[in-house]
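Okay, here's what each chain looks like letter by letter:
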Amino acid sequence: MKFEVTILGSSSATPIFNRNPTAQVLNINEHLYLIDCGEGTQQQMLRFDVKASRIDYIFISHLHGDHYLGLVGLLSSMHLNGRKKPLYLFGPPHLMEIINLQLKYSETELHFPLEFKETNTEKPEVIVSNNDIIIETIPLFHRIACTGFIFREKKRLRKLRKEVIEQLEIPVPYFTSLKKGFDYTAPNGDVIKNEDLTTDSAEPKSYAYCSDTIYSEAYFEQITDATLLYHESTFLNDMLDRARETNHTTALQAGEVALKTNARRLLIGHFSARYKTLNELLEEARSVFPNTDLAIEGRTFYID
């Protein structure tokens, strides 16, 4: 199953040095999920060939402008381009109030259903569950109510050992029960163990998106063992006091989060406008957690 994330924006409060405010798009089994939608997201989607018509789910972490100011424009473009199918939007309670105000004064009535669900910033909550994925909120600790999101693959059915199945001439109607882990009883009454007929599927993978937050171990348990962890890294650690003052995280702290939660791989982003180049941030995170990459715009990271 395809499971990958493309970075559309990696800057913090302002677009600068050819970096745009936060936005990412997840491709899960050819279904697209947009995470945050900062200013300029539409342009980035065009630049990196992300089709808005394929996005059915949008997740907004919080109501600081660098995470949602591109949303109304995107909704308007979907409307103008003739979208009819529903769009599912998840975000803080007042997000829909902002959208409705924009639509009211532009005298716009969307041609497609916009299904909005408020996120709970006090406790984790499953907000999407389909055939491919389970999505939960991650309560974070920022200046205003904020959540991250964790995307977990669902466990796949077991795989048939075709050569053994064919040799034993097991009828096709039994295949579904075998994939679900049941043993097979032959016509002569012999019971053949499932483990002799199938192999286990791969372990489910996960992507944890930790948007703006101060360093806190309160959310560590929920993101433990993430296949790929994205964590904001607004400042270098010599700006730790500033990070605490603004409820952000340093690159060093992001590395510590990845280490302590046993992440397989770390992706850092949400870089302050004070940094023209990002090598120092990468080096600082790697000093704690070597398997770290920068959330460079246009790059696609495979979650495997």
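Residues numbered from 1 in each chain as written. Predicted model: local features only at pLDDT ≥ 70, side-chain atom pairs only at ≥ 80, totals over all residues. Heavy atoms only, no water.

Draft legend 1. Broad picture of the pattern of salt bridges. Under the criterion given, the structure shown has 17 salt bridges. Between Asp-56 and Lys-85 there is a salt bridge, with the nearest N and O atoms lying 3.1 Å from each other. Remark: Lys-85 occurs in the loop between helix 2 (71–80) and strand 5 (87–91) and Asp-56 occurs in strand 4 (residues 55–59); sequence separation between them is 29 residues. Looking at Asp-56, the relative accessible area reads 19%, which means it is buried. For Lys-85, a relative accessible area of 36% translates into the label partly exposed. A salt bridge links Glu-163 to Arg-161; the nearest nitrogen and oxygen atoms lie 3.9 Å apart. (Salt bridge = Lys/Arg side-chain N within 4 Å of Asp/Glu carboxyl O. Helix = DSSP H or I, 4+ residues; strand = E, 2+ residues; numbered from the N terminus. Buried < 20%, exposed > 50% of the residue type's maximum accessible area, 1.4 Å probe, protein only.)

Draft legend 2. Local environment of helix 2. Every buried residue of helix 2 is listed here: Leu-71, Val-72, Leu-74, Leu-75, Met-78 and His-79. What you see down the axis of helix 2 is that its buried residues fit within an arc of 160°, all on one side. Looking at the packing, one finds that the buried side of helix 2 touches strand 3 (31–37), helix 1 (41–47), strand 4, strand 5, helix 3 (95–105) and strand 6 (114–118). Once helix 2 finishes, Gly-82 follows within two positions and takes phi at roughly 85°, a positive value. (Arc of directions from axis to C-beta. Contact = heavy atoms within 4.5 Å.)

Draft legend 3. Looking closely at the environment of His-62. Relative to the elements of secondary structure, His-62 occurs in the loop between strand 4 and helix 2. Classification of His-62 as buried rests on a relative accessible area of 0%. For the pair His-62 and His-94, spaced 32 residues apart in sequence, the C-alpha to C-alpha distance is 9.7 Å. Apart from residues lying up to four places away in sequence, His-62 is in contact with His-67, Tyr-68, Pro-92, His-142, Ile-144, Ala-145, Cys-146, Ser-211 and Asp-212. Polar contacts involving the side chain of His-62 include one to the side chain of Ser-61, which spans 2.9 Å. (Polar contact = N/O pair within 3.5 Å; in protein donor to acceptor, adjacent residues only side chain to side chain.)

Draft legend 4. Molecular detail of helix 9 (residues 279–286). Within helix 9 the residues assigned to the buried category are Leu-281, Leu-282, Glu-284 and Ala-285. All buried residues of helix 9 fall inside an arc of 165° around its axis, so they share one side. Set apart from the buried face of helix 9 by more than 90 degrees, the exposed residues are Asn-279, Glu-280 and Glu-283. Close packing links the buried residues of helix 9 with helix 8 (251–260), strand 16 (266–269) and strand 17 (292–294).

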